[in-house]
Amino acid sequence: MEIFGIPLQAFLGQLLLGLVNGSFYAMLSLGLAVIFGLLGIVNFAHGALYMIGAYVAWIGAEKLGMNYWLALVAAPLVVGALGVVIERTLLKRLYKLDPIYGLLLTFGLALIFEGIFRDQYGVSGQQYSVPEALQGATNLGFMVLPNYRAWVVLASLTVCLGTWFLIERTRLGAYLRAGTENPALVQAFGINVPLMVMLTYAAGAGLAALAGVLAAPVIQITPLMGSNLIIIVFAVVVIGGMGSILGSILTGLALGLVEGLTKVFYPEASSIVVFVIMAIVLMVRPAGLFGKEK
């Protein structure tokens, strides 16, 4: 069976690849949207934090014998702690300034982190094995589905929807949103706003690290893996709407699928299709598909 002259198995394989890529886009853009929406910081270091998360998993496996499942917990905690240091020592001084200062600072941090890991590990890349429980594939009849790629999609959707629910549908999320709109009033009710802001940045950093661990078995771990992805992720956030949690999730998944389909029908455009869509969206809706006009 063929679809537009493409064998069905090849077509579905590209859709699956697009969905996996979209899962990474969704998780990374979610972290960016959380940090920008609640703190007003354009966090260009997000790609570097994603890279560090992958390296924490790899170093843990090589030096400490840490398995994949433990790395899924340890990497977000380690990178989240790094996020606390960054927020308390650097970013907290920039909240009342123009967002460009936060962008420049985090861009500089990204270059520093990338340079440190390039100096220590080079740029050739390291391999991280798929955990034994997720090796192999499942024959669905119309295609063979790699178990690990199915796990990545499931884990990403669970984390993304859980984060959205926490921020948009719980009392804690209401405190977070209120604290960014009127911190003095919220603090008057006895809520520690600086602590809440610090933990928000740490949570965003932890989401990036979690995405890095999920990506480690399917790509080579290199110091450049974050910088190669962060521009696309920023485009995803802009299309979905800066600060829109749900917009980032849906747009990330959708653009991954669009990119996968483009590789089937017009491979030459697959590397630019996201930016073409971004340009069109900005002309029609400058605030993004799910953003709010100010």
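Residues numbered from 1 in each chain as written. Predicted model: local features only at pLDDT ≥ 70, side-chain atom pairs only at ≥ 80, totals over all residues. Heavy atoms only, no water.

K.L.:
Help me understand the packing of aromatic side chains, please; the structure alone is not making it clear to me.
P.N.:
The way to describe two aromatic rings as a pair is by their centre distance and the angle between their planes. With the rule as written, the count across this model stands at 11 aromatic pairs. On the numbers, 4.9 Å between centres and 40° between planes, the contact of Tyr 55 with Phe 117 is tilted. Of this pair, Tyr 55 sits in helix 2 (residues 46–64) while Phe 117 is found in helix 4 (residues 99–121), placing the two residues 62 residues apart along the sequence. For Tyr 55, a relative accessible area of 0% corresponds to the buried category. On the basis of an interplanar angle of 25° and a centroid distance of 5.2 Å, the ring pair of Tyr 55 and Tyr 121 is categorised as stacked. (Phe/Tyr/Trp six-rings, centres within 6.5 Å; stacked < 30°, edge-to-face > 60°. Helix = DSSP H or I, 4+ residues; strand = E, 2+ residues; numbered from the N terminus. Buried < 20%, exposed > 50% of the residue type's maximum accessible area, 1.4 Å probe, protein only.)

K.L.:
In this structure, what is going on with helix 3 (residues 68–89)? I would like to understand it.
P.N.:
Turn by turn, an α-helix covers 3.6 residues, leaving residues three or four places apart pointing in a common direction. A rise of 1.5 Å per residue sets the reference length of helix 3, with its 22 residues, at 32 Å; its end C-alpha atoms lie 31 Å apart and thus fit the reference within 8%. Turning to helix 3, its buried residues are Tyr 68, Ala 71, Leu 72, Ala 74, Ala 75, Pro 76, Val 79, Gly 80, Gly 83, Ile 86 and Glu 87. Looking at the packing, one finds that the buried side of helix 3 touches helix 2, helix 4, helix 5 (147–169) and helix 8 (193–215). (Expected span 1.5 Å × (residues − 1). Contact = heavy atoms within 4.5 Å.)

K.L.:
Sorry, what's going on with the confidence of the model for the protein here?
P.N.:
For any part of a model where pLDDT is low, the fine detail of the predicted coordinates should not be relied upon. When pLDDT is averaged along the protein, the result is 88, and 97% of the positions lie at 70 or above. Taken element by element, the protein is modelled with least confidence in strand 1 (residues 2–3), mean pLDDT 64, and with most confidence in helix 3, mean pLDDT 96. (pLDDT = per-residue confidence, 0-100.)

K.L.:
Would you take a moment to explain the pattern of salt bridges for this structure?
P.N.:
Proximity of charged atoms lets side chains of opposite charge pair with each other. The final tally for this structure, using the stated rule, is two salt bridges. The residue Arg 88 makes a salt bridge to Glu 87 at a minimum N-O spacing of 2.7 Å. In this structure Arg 88 comes out as partly exposed when scored by relative accessible area, which is 27%. You can call Glu 87 buried: its relative accessible area is 0%. (Salt bridge = Lys/Arg side-chain N within 4 Å of Asp/Glu carboxyl O.)

K.L.:
What am I meant to see in the environment of Tyr 175 here?
P.N.:
With respect to the helices, strands and loops of the structure, Tyr 175 is situated in helix 6 (residues 171–181). Look at Tyr 175 and you get partly exposed, because its relative accessible area is 35%. With residues up to four places along the chain from it excluded, the contact list for Tyr 175 reads Ile 191 and Met 196.

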